[in-house]
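Given next are the chains, with one letter for each unit.
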Amino acid sequence: MYKILLGLHSGVRYIVIILFVLALIMAITGLFGRKPYSEANRKVNLFAMISAHTQMLIGLILYFFSPKVLLSDMGAAMKDTVLRYWTVEHMVMMIFAVILITVGHSRSKKAADAFNKHRAIALFYGLALLVILLAIYQSGRPIFGSSM
Ligand code: HEM
């Protein structure tokens, strides 16, 4: 079960990263090119958010199967950099990124004009992507490529 979940969580990260890079490029070009907020913008931004929510759910289940998560002895987990990263840091950083994504999507939806819709996505999705990439980098696992 652990291997299946880890493989799934590992694979879905490519979808998440690709969709966020795409959403970010589309938002920045829309912002600076003063482009209308198209149906393609709406769909890419929505699918990017759904991919992040799905990844968070898989991560939450994986959390209870991973041998690198030590909830029974938090003191010991805090003293070990690998255990601390997977027990606390990864989860906190990724949940923070998903909150940024959800807020950004909602702000973009509520914004009155195309400029402000693109701006909300560029800002919030951009920050979230940065947090996600930093978190993966910090884990020592490859951003692209398998560690298994
Ligand atoms: C957008 C959100 C997330 C992304 C992009 C992400 C990304 C990743 C990546 C790239 C790995 C390494 C996979 C590998 O070694 O091949 C990983 C592992 C893991 N993630 Fe996430 N993650 C996210 C959210 C979460 C959340 C919210 C949790 C927990 C609540 C979580 C828990 C874990 C666990 C437990 C591992 C496995 C550690 C191990 O046993 O090796 N992830 N994640």
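Look up a bit, the structure's there.
Residues numbered from 1 in each chain as written. Predicted model: local features only at pLDDT ≥ 70, side-chain atom pairs only at ≥ 80, totals over all residues. Heavy atoms only, no water.

(A) Expanded view of the pattern of salt bridges. Taken as a whole and assessed by the stated rule, the structure comprises two salt bridges. For Glu39, the salt bridge goes to Arg42, with nearest N and O atoms at 2.8 Å. A residue pair is termed a helical-turn pair when its members lie 3 or 4 positions apart in one helix, as Glu39 and Arg42 do in helix 2 (residues 39-63) at three residues. Judged by its relative accessible area of 39%, Arg42 falls in the partly exposed class. With its nearest N and O atoms 3.0 Å apart, the salt bridge here joins Glu89 to Arg84. (Salt bridge = Lys/Arg side-chain N within 4 Å of Asp/Glu carboxyl O. Helix = DSSP H or I, 4+ residues; strand = E, 2+ residues; numbered from the N terminus. Buried < 20%, exposed > 50% of the residue type's maximum accessible area, 1.4 Å probe, protein only.)

(B) Structural detail: the site of the ligand. Near the ligand you find 23 residues, and of these Tyr2, His9, Ser66, His90 and Arg141 are the closest. Residue Tyr2 places a side-chain N or O atom 2.6 Å away from an oxygen atom belonging to the ligand. Between an oxygen atom of the ligand and a side-chain N or O atom of Ser10, the distance comes to 2.7 Å. Here the shell around the ligand takes six residues from helix 2, the largest share from any one element. Looking at side-chain class alone, the shell around the ligand contains 13 nonpolar, seven polar and three charged residues. (Near = heavy atom within 4 Å. Polar contact = N/O pair within 3.5 Å; in protein donor to acceptor, adjacent residues only side chain to side chain. Nonpolar A, V, L, I, M, F, W, Y, C, P; charged D, E, K, R; others polar.)

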